[in-house]
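Residue-level listing of the chains:
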Amino acid sequence: MAASTGLNDDGGNAMLANPMRLLILLAALLPASVSAAAAQTLDKVASSQTFRIGYRHFAPPYSYSAADGQPAGYIVDLCREVATGVGKALKLPRLNIEYVKVTAEDRFQAVRDGRVDILCEPSSMTMSRRAMVDFSLPTFIDGAGVVTRGAPVKGLEDLAGRKVGVLKGTTTEETLRTTLGQMHVSADVVAVNDHPEGLKMLAEGKLDAYFGDRGILYYLITNSPYAGKLALSDQYFTFETYALALPRGDQAFRLLVDATLADLYRTERIRDIYARTFGKFPPDQFLNALFVINGVPR
């Protein structure tokens, strides 16, 4: 867990015209039992004056620990915007942000059990996960690709008889195993603890291929000593829609989170936030469409 930082009331931006009005209106429309549950996160934050952001130690470029040990990444930056909105909605002169490290295995349990208020990393929305947590508006669209030594693969059938690494405990692992089975492709799937381990095993010849989200793999390969040895396939083998994971049934908090994201998507501010992580590399057609579709009017 990293040290807390302060978020001043005059920091951030005037994203929400009158967020508390939205929360009051929603509460009035909900049954009493649901309204009580919906106020839970905001009540806790108001009482503790602390907002707990769950992040991954190594899931760049979306969520990771930077060289100075501080949380960084595109999705972490989005959650800092959410924290600004929470502070303004609750009229707190100062809101502390507490960063809590989570893993690929325990991240959703951390939300469910109340260890974090919001999960800020590349979480793919699935129906099975919605049995445990709620999700915000989408934050990113990515897809799985395959890394190999030398020539890239053109299809999953090229993996027959080969050792294929994948990050354990992820939808990517589930998708790889299911798809290979459906295609009757016999491959040895090896679950690894983290992406750097998988890419290192691939570069050393212990794996024949590595399967994972293209955005993460592209970033890691580009910033690794293996850049000239490894090739990432051009093909998307899956599409993954990322979103912020939130406590289930907490509709007032979810409304505030969605309103913050929608306001960002309607303005150029989202491109400024994007550029902090991705530099001059522009958003692709899928991400541009995400901004347009989810820039929901107030």
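Up top you'll find the structure we're talking about.
This write-up is about the structure you can find in this document. The model shown is predicted, which means the values in this text are computed figures rather than measured ones.

1. Some points on the sheet that holds strand S4 (residues 63-65)
Right, on to step 1. Judged by pairing direction, the sheet is antiparallel, and its 3 strands sit side by side in the order S3-S4-S5 without closing on themselves. With one partner strand each, in any of the chains shown, strand S3 (58-59) and strand S5 (71-72) form the two edges of the open sheet.
Right, on to step 2. Here 2 bridges tie S3 to S4, and the two strands are oriented antiparallel to one another. Residue pairing in the sheet places Ala59 in a bridge with Ser63 of S4.

2. Describing the packing of aromatic side chains
Right, on to step 1. Within this structure, the stated rule accounts for 18 aromatic pairs.
Right, on to step 2. Relative to Phe135, the ring of Phe108 has its centre 6.4 Å away and its plane inclined at 70 degrees; by these criteria the two rings are edge-to-face. A residue pair is termed long-range when its members are at least 10 positions apart, and Phe108 in helix H5 (residues 107-112) and Phe135 in strand S8 (residues 134-142) qualify at 27 residues. Residues Phe108 and Phe135 agree in their burial class; the two are buried.

3. Considerations on the pattern of salt bridges
Right, on to step 1. One pass over the structure, following the stated rule, counts 15 salt bridges.
Right, on to step 2. For Arg56, the salt bridge identified is with Glu121, shortest N-O distance 2.4 Å. Highlighted residues: Arg56 in strand S2 (residues 50-56) and Glu121 in the loop between strand S7 (118-119) and S8, separated in sequence by 65 residues. Across the pair, Glu121 and Arg56 agree in class, each one buried.
Right, on to step 3. For Asp106, the salt bridge goes to Arg115, with nearest N and O atoms at 3.3 Å.
Right, on to step 4. Among the residues examined, Arg115 registers a relative accessible area of 35% and is labelled partly exposed.

4. Structural notes on unusual backbone geometry
Right, on to step 1. Backbone torsion omega between Pro60 and Pro61 reads 5 degrees, so that peptide bond is classified as cis.
Right, on to step 2. Of note, Gln49 is a non-glycine position whose phi angle comes to about 55 degrees, a positive value.
Right, on to step 3. Tracing the sequence through the fold places Gln49 in the loop between helix H3 (40-48) and S2.
Right, on to step 4. Positive phi, close to 55 degrees, is recorded for His184, a residue that is not glycine.
Right, on to step 5. Mapped onto the fold, His184 is located in the loop between helix H6 (171-182) and strand S11 (188-192).
Right, on to step 6. Relative accessible area serves as the criterion here: at 75%, His184 is assigned to the exposed category.

5. Remarks on the side chain of Glu240
Right, on to step 1. Within the secondary structure, Glu240 sits in strand S14 (residues 240-246).
Right, on to step 2. For Glu240, the side chain forms a polar contact with the side chain of Ser124, separated by 2.6 Å.
Right, on to step 3. Beyond its immediate chain neighbours, meaning those up to four positions away, Glu240 contacts Ser124, Phe140, Ile141, Asp142, Gly143, Thr171, Thr172, Thr175 and Asp213.

6. Quick look at the sheet that holds S11
Right, on to step 1. Pairing within the open sheet is mixed, and its 5 strands lie in the order S11-S10-S12-S9-S13. Single-partner strands in this sheet number two, and they are S11 and strand S13 (230-232). Across this sheet, the average inter-strand angle for adjacent strands is 30 degrees, counted without regard to direction.
Right, on to step 2. Of the strand pairs in this sheet, strand S10 (residues 163-167) and S11 are connected by 5 bridges, and their pairing is parallel. Note on S11: the bridge partner recorded for Val166 is Ala191.

7. A look at the nonpolar core
Right, on to step 1. By size, the foremost hydrophobic cluster in this structure holds 58 residues, and its most contacted members are Phe51, Tyr74, Val86, Ile118, Val147, Tyr210 and Leu244.
Right, on to step 2. Here this core gets 9 residues from one element, more than from any other, and that element is helix H4 (residues 74-89).
Right, on to step 3. With 14 residues, the next largest nonpolar core counts Ala144, Leu159, Val164 and Phe237 among its residues.

8. Thoughts on the pairing of S2
Right, on to step 1. With 7 of its 7 residues buried, S2 lies for the most part within the structure.
Right, on to step 2. Along S2, one buried face is formed by Thr50, Arg52, Gly54 and Arg56 and the opposite face, lined by Phe51, Ile53 and Tyr55, is buried too.
Right, on to step 3. Sheet analysis places S2 next to strand S6 (residues 94-102), joined by 7 bridges and oriented parallel. Along S6, the bridge assignment pairs Arg52 with Glu98.
Right, on to step 4. Of the strand pairs in this sheet, S2 and S7 are connected by 2 bridges, and their pairing is parallel.

9. Describing the packing of H4 against helix H10 (residues 269-278)
Right, on to step 1. For the pair H4 and H10, the least separation of the axes is 9 Å and the interaxial angle reads 140 degrees. One element, H4, and the other, H10, form an angle in the oblique class. Relative to H10, the crossing made by H4 is right-handed. Listed contacts from H10 to Tyr74, Asp77, Leu78 and Glu81 of H4 are Arg269, Ile270, Ile273, Tyr274, Arg276, Thr277 and Phe278.
Right, on to step 2. Of the residues that constitute the contact of H4 with H10, the class distribution is 6 nonpolar, 1 polar and 4 charged.

Basis of the calculations
Residues numbered from 1 in each chain as written. Predicted model: local features only at pLDDT ≥ 70, side-chain atom pairs only at ≥ 80, totals over all residues. Heavy atoms only, no water. Pairing = 2+ DSSP bridges. Helix = DSSP H or I, 4+ residues; strand = E, 2+ residues; numbered from the N terminus. Phe/Tyr/Trp six-rings, centres within 6.5 Å; stacked < 30°, edge-to-face > 60°. Buried < 20%, exposed > 50% of the residue type's maximum accessible area, 1.4 Å probe, protein only. Salt bridge = Lys/Arg side-chain N within 4 Å of Asp/Glu carboxyl O. Polar contact = N/O pair within 3.5 Å; in protein donor to acceptor, adjacent residues only side chain to side chain. Contact = heavy atoms within 4.5 Å. Axes fitted to C-alpha atoms, helices over the stretch in contact; angles between N-to-C directions. Core = buried A, V, L, I, M, F, W, Y, C linked by side-chain atoms within 4.5 Å. Parallel < 35°, antiparallel > 145°, perpendicular 65-115°, else oblique. Left-handed = near helix turned anticlockwise from the far one by under 90°. Nonpolar A, V, L, I, M, F, W, Y, C, P; charged D, E, K, R; others polar.

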